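Listed here are the chains, written in short residue letters.
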Amino acid sequence: MGKFRLGELLALACAMAALCLFPSAVSPANGAREDLMVMENAAGKTGGRLVVALRSEPKTLNPVLAIDDPSRDVIRCLSGDLIHINRETLKTGPALAKSWNVSTDGRMYTLHLRQGLRFSDGEAFSADDVVFTFQVYLDENTHSPQRDLLVVGGKPIEVKKLDSSTVQFSLVQPYAAAERIFDGIAILPRHLLEKSYRAGEFSHTWSLSTPPNQFAGLGPFRLKEYIAGQRIVLEKNPYYWKQDSAGVRLPYFNELVFLFVPSEDAQVIRFEGGDTDILSRFSADNFGVLEKQQAAKNYHVEDLGAGLEYSFLFFNMNDLGSKALTGIAKKQLWFRDVRFRQAVSAAIDRTGIVRLVYNGRATPLWGQVTPGNKLWVDAALPHPTRSLERARQLLQSAGFSWTPEGTLVDSRGSEVEFSILTSASNAQRTKMATIIQDDLSRLGMKVQIVSLEFRAMVDRFLNTYDYEAAIMGLVSGDADPTAEMNVWVSSGETHLWDLEGKPSAPWESEMDRLMEQQLTTLDYSRRKQLYDRVQEIVADNLPVICLASPNVLVAARNRIGNFHPAILDPYALWNVEELYAH
Amino acid sequence: MRNRRKLVACAFLLAGFHIAVLFAGFFAPYGYAAQDRELPFTPPTRVHFMDSQGHFHIRPFIYGWQSDASVSGSLQVDFTRYYPVRFFVQGTPHKVAGLFVSREHLFGVDEPGRIFILGTDAFGRDQFSRFLYGGQVSLLAGLLAAGLSVMFGVLIGAIAGFYGGWIDEGLMRSGELFLALPWLYLLFAVRAAMPLHVSQSQIFLLLVSVMGLIGWARPARLVRGVVLSAKERYFVLAARGFGASDAYLLRRHVLPQASGVALTQITLLIPQYVLAEVTLTFLGLGVSEPMPSWGSLLSSLQQYYVLSTYWWMFLPAVILIPLFLTYYLAADALQEHWKPVSL
């Protein structure tokens, strides 16, 4: 720093005064030109408000702690990330980081930040905020659900500030999806949060009761008001760092309102009635209802095809050694036999599921990667047609037989009878269970369906292991296989069928190896080969029996412009800054 | 005399209904779990006498359906396929009143035709067959729970009324406690305390019994009132004077006077408990798939798309209205009938 002359000081003071008077003036705080990102979409019209519904109230507005969908939906509109996954192309692109270089060994990422940006409260954004953000996310005491993503090869990534607009990230090993982990890591304003973080009160900050003027972010909107039980209102962030091709600063909408509408049916009715502008996450049945009215009521529905959600049936193959669950332990002799699982899979009428459960708006699945994930799906995976004959042969070869009444019995003469757990709140999965129950009754199996409240069900999966089989669905947060690590690696937390933490069969060890390998391989085609093999292993050994992948369905009023829904969450609002009203 | 006719008419109607439900396997053309995955949400089949050319047929007939399997809701009547309705046909085996197996059905059409008088549900299952089978669960629940609560009600009411004093006080105050009990939460608690691996019908019977057991307070109050006045009658006092024991007095002289009240209570309570079953199933506490009950038939109406698109899913509810009305009419007629005796 050189010495200031008096004239310069005065000029600076004047500039500061101007800043306070005209907060939206272009001149930035640290003197550099504001480095705005120019969007290529059709130019829209400024003004108006957008209303969407949330299934429940957000639990928090703290981006580091949010787990539930409603919280994340709101936070996404309030915050910005360094590198963003474009929901349309599923590839990464610049956001707050204007560009980045990767070292030749793939372990060092140097990110060049946009200069002259400001948080929604007018304070300048710099590399210090980035360093602070990663410090908070990586702090074990913060308990951020995203921390795991930032730990590569067992070590947290290291963050270093090179200068006020350059940050360096180093990893202990090359990491294939390194760019993608920056997506969704909301950059925090150090000037607002550092105090509470240092005081150890971070878990209480930015709750719903925090006054709006204590929030600031780099998202297109900022908090205006929260009315408990009714709505959250966001207003345009005047400092947002994107502009359209005509040079108009985004977002177009002045206000974004989230209404709390507790059930899907109620959301559909309110959308039909014109109370909300955009609707996503609704069933194929309601799609059918909405479709009929679309011309008369000035909205349109869109079927985007297969998304990333996959539903599957799985059996309890946990080690029950220490638990008093002898009834289930006996049945595990069947569940652990791959021929039994193959027979079940062969007997399931997947096309029937697609037609009856999803009205045809879904894709039958034989592997965990849905056809919506075009970059990673293994197109060579066989799609065997339903065959009760093959199922019977498999059961016979595994030592099962049938009584004269047609009941299936195992080699010790016990009747094959088990229950399938589903979540009571998910009508689709209960329907699937009813179809599978009927399919398996044709093999002489007696299946009961038990619907439980979601949390009670998850408690059985993760803690008590008191279940026999269950139907679940998972939605990948990202198209990249790294997002699925915790499902397919035997030590993963979502390795639902067996949570023991170590491989129990050679194919499981192979899967562990393949998943670890693809994580550190940088070449896409080589990674694809590795992940194809994982898909084959799953299809052959059926730790989970994949059933169907529902299509992503969205609806929007015709007056909404730039509406480009995508198959990746958040389906409809990912480009909320570019949406406008005709 | 008019009342007697009303009573007989009600009795006939109720008997007819219960026979249809008891022999559901015979009256229903299909099994309750039989799915036809090509025909989900099919509207009720129209039975014709006139064909599309305008010819009259003595034997009623139906037309087949054609659907594009890939698109739901694309069902159309196929006028080229024609199936006469036949009576006393052989079909899927079923158990007659839970005793012996029969293949006889009252009516049906030749394969691959399908007759759905009340349409089909989301799995292409015949709503009419499911309605009849569902009645077995729901009416059993109603009868069992009503029987239990009236039985306990009469017993406790009679003891309270006959002995009076602190016994009366104790029993009636505890009855009020039961009346104040939020039974729905009690049932949730009972269900939560039970393991997963109890068969669904056992759970259901248990829940119904719990409901019946906690429902004794209201009939007990009524019976107590009747007994209070009955035990002061001259012929009762006379019998006591001749040295009759309490048990004898209750059995021979007092309880018979309460029988009218008890019977009326049963007829009033049956529909109430059937409705309670509907509530239970609606909340996911009832029998589970594929076993139907009236509650599960109605619970699909919770969903907006069913409510707004498939009108025939309301039909079970529409049929239940006259059934419950008949029960209430019967209760009314019974009360009229017993009045002169209890005065």
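Residues numbered from 1 in each chain as written. Chains lettered and ligands numbered in written order. Predicted model: local features only at pLDDT ≥ 70, side-chain atom pairs only at ≥ 80, totals over all residues.

K.L.:
Tell me what's going on with the interface of chain B and chain A, and back it up with residues and numbers.
P.N.:
Every contact between the two is made by 23 residues of chain B and, on the other side, 26 residues of chain A. Examining the composition of the side of chain B that touches chain A, we find that four residues originate from one element, helix α11 (residues 304–309) of chain B, more than from any other. The class makeup of the residues in the side of chain B that touches chain A is 10 nonpolar, 11 polar and two charged. (Contact = placed C-beta atoms within 7 Å. Helix = DSSP H or I, 4+ residues; strand = E, 2+ residues; numbered from the N terminus. Nonpolar A, V, L, I, M, F, W, Y, C, P; charged D, E, K, R; others polar.)

K.L.:
I'd love a proper account of the sheet that holds strand β1 (residues 48–50) of chain B, names of residues and values included.
P.N.:
Residues and elements named next belong to chain B. If you walk across this open sheet you meet the four strands as β1-β2-β3-β4, and the pairing is antiparallel. For this open sheet the edge positions go to β1 and β4 (100–109), each flanked by a neighbour on one side alone. Taken pair by pair, the neighbouring strands of this sheet meet at an average axis angle of 55 degrees, ignoring direction. The sheet contact formed by β1 and strand β2 (residues 56–66) spans two bridges and is antiparallel. The residue bridging M50 from the neighbouring strand is F56, located in β2. (Pairing = 2+ DSSP bridges. Axes fitted to C-alpha atoms, helices over the stretch in contact; angles between N-to-C directions.)

K.L.:
Tell me about the pairing of strand β12 (residues 231–236) of chain A, and name the residues and values.
P.N.:
Along any regular strand, the residues point their side chains to alternate faces of the sheet. All names here are of chain A. With six bridges connecting them, strand β11 (residues 221–227) and β12 associate as antiparallel partners. The partner of I227 across the bridge, within β12, is R231. Turn length for the β11-β12 hairpin, with the two strands adjacent in sequence and antiparallel, is three residues, and the turn residue G229 shows positive phi of about 80 degrees.

K.L.:
With reference to specific residues and values, describe the domain arrangement of chain A.
P.N.:
Residue and element names in this part refer to chain A. Domain boundaries in chain A define domain 1 (43–258 + 559–581) and domain 2 (309–551). A separation of 35 Å is found between the C-alpha centroids of domain 1 and domain 2. Residues that form the side of domain 1 that touches domain 2 fall into these classes: eight nonpolar, two polar and two charged. (Domains from an automatic or database assignment.)

K.L.:
Talk me through the nonpolar core; I want residue IDs and the actual numbers.
P.N.:
Counting residues in hydrophobic clusters, the biggest one holds 177 residues, and the most contacted among them are L82, F314, I545 and L547 of chain A. Here this core takes 10 residues from strand β24 (residues 544–557) of chain A, the largest share from any one element. Core analysis: the second largest hydrophobic core is formed by 64 residues, L132, V150, I266 and V274 of chain B among them. (Core = buried A, V, L, I, M, F, W, Y, C linked by C-beta atoms within 7 Å. Buried ≥ 20, exposed ≤ 12 C-beta atoms within 10 Å, placed from the backbone.)

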